[in-house]
Amino acid sequence: MTGVTMAIAVTVQNEGTSDAAGSKLPGTDGTKAPRGAERRRERRFPYQTVVTLVRVQTGTDFELRKCWTRDLSPGGARIMSREPIEGSRLLLKFLLPRLGSKFIEAQICSRTTERHTDIRNRSTEMFLYGVRFTSVLSEEDACDQILETGV
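Everything numeric here is computed off the predicted structure, so don't read it as measured data.

**Q** Explanation requested: the pairing of strand S6 (residues 123-137) in the structure shown.
**A** The side chains of a regular strand alternate between the sheet's two faces. By the bridge criterion, six bridges tie strand S3 (residues 76-81) to S6 in an arrangement that is antiparallel. Within S6, the residue paired with arginine 78 across the bridge is glycine 130. Note that strand S5 (residues 103-117) and S6 share 14 bridges and pair antiparallel. Paired with glutamate 114 across the two strands is methionine 126, which belongs to S6. The turn joining S5 and S6, which pair antiparallel and follow one another in sequence, is formed by five residues; a positive phi near 65° is taken by asparagine 121.

**Q** For this particular structure, what's the right way to read the packing of aromatic side chains?
**A** When we look at a pair of aromatic rings, we describe it by the centre distance and by the angle of the planes. Tallied over the full model, the rule gives one aromatic pair. Ring geometry for phenylalanine 94 versus phenylalanine 133: centroids 5.7 Å apart, planes at 85°, classification edge-to-face. Taken together, the residues span a long stretch of sequence, with phenylalanine 94 in strand S4 (residues 89-94) and phenylalanine 133 in strand S6 at a distance of 39 residues. Across the pair, phenylalanine 133 and phenylalanine 94 agree in class, each one buried.

Calculation notes
Residues numbered from 1 in each chain as written. Predicted model: local features only at pLDDT ≥ 70, side-chain atom pairs only at ≥ 80, totals over all residues. Heavy atoms only, no water. Pairing = 2+ DSSP bridges. Helix = DSSP H or I, 4+ residues; strand = E, 2+ residues; numbered from the N terminus. Phe/Tyr/Trp six-rings, centres within 6.5 Å; stacked < 30°, edge-to-face > 60°. Buried < 20%, exposed > 50% of the residue type's maximum accessible area, 1.4 Å probe, protein only.

Treat this as a map of the structure, not an account of what it does.
Structural data, given as structure tokens:
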């Protein structure tokens, strides 16, 4: 288990790759999952929490944005944002007490949009991103990475 998997699995219990009836989820036996089916190696959990997204725009200018998770697994998440996210590499800080002040580096794997209607019947376009976790960084390491490499 990688550091990322262990950090997320502490908060969101990984129940394996079987559904409630014990049958294998599509794509977990080495075969390709059908489009729209479960394609992650780890099971997704409908876990919603606030995420702070950090992305370097140019040089030492960086963007901080509040986003939300729609679902979470030990290896990735679906992130929702009111604004489009440029680029493909991100630093994420989840509001998960057991992660503390650690950042998770992530790679965007998929992008889509979805219409949401609020209680006043106003329609808003939300941007959804499938991200794959690549590493866990301390606050100090995350700051160094932002300044040196421009995530």
